Amino acid sequence: MREKVEATLARIRPYLQQDGGDVELVAVEDGVVKVRLKGACGGCPMATVTLKQGIERILKEAVPEVREVVAV
């Protein structure tokens, strides 16, 4: 499952990088994906929206085993 998550994040990453941000995969445990938002995304007031409505939604569509995405 980790490989599928990495591949999906690789597809998302260019969009975050356009705005000066990035995402790093920290861990995948029991369907919970832990990520670290970096760059502009780390301090952005919209980071929660990006995480839940963007990254989490796309990951759940691509990798059905994903239950939740959390920032660490």
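What counts and how
Along every chain, residues carry numbers that run from 1 in the direction the sequence is written. Under the rules for a predicted model, residues below a pLDDT of 70 receive no local features and side-chain atom pairs below 80 are neither given nor counted, while totals for whole chains, interfaces and linings still include all residues. Note: side-chain values were computed over all heavy atoms of the structure, leaving out hydrogens and water. Only a pair of cysteine sulfur atoms within 2.5 Å qualifies as a disulfide here. The buried label applies to any residue whose accessible area, calculated with a 1.4 Å probe on protein chains only, is under 20% of its type's maximum; exposed applies above 50%, and partly exposed to all values in between. Each helix is a run of DSSP H or I of at least 4 residues and each strand a run of E of at least 2, with the numbering of both proceeding from the N terminus. One less than the number of residues in a helix, times 1.5 Å, gives the span that helix is expected to have. Axes are fitted to the seven residues ending at a residue and to the seven starting at it; the angle between these axes is taken as the bend at that residue. What makes two residues a contact is simply this: any of their non-hydrogen atoms within 4.5 Å.

Novice: When you look at the state of the cysteines in this model, what are you seeing that I'm missing?
Specialist: Note: disulfide means a covalent bond formed between the sulfur atoms of two cysteine side chains. For the structure on display, the rule yields 0 disulfides. As a non-bridged cysteine, Cys41 has Cys44 as the owner of its nearest cysteine sulfur, 6.6 Å distant. Note on Cys41: relative accessible area 12%, which makes it buried.

Novice: Which parts of the structure should I look at to understand helix H3 (residues 47-62)?
Specialist: An ideal rise of 1.5 Å per residue puts 22 Å on 16 residues; H3 measures up with 21 Å between its terminal C-alpha atoms. Along its length, H3 reaches its greatest deviation from straightness, about 30°, at Glu56. Taken residue by residue, H3 has Ala47, Leu51, Ile55, Glu56 and Leu59 as its buried positions. Buried residues in H3 make contact with helix H1 (2-18), strand E1 (21-29), strand E2 (32-39), helix H2 (40-43) and strand E3 (68-71).

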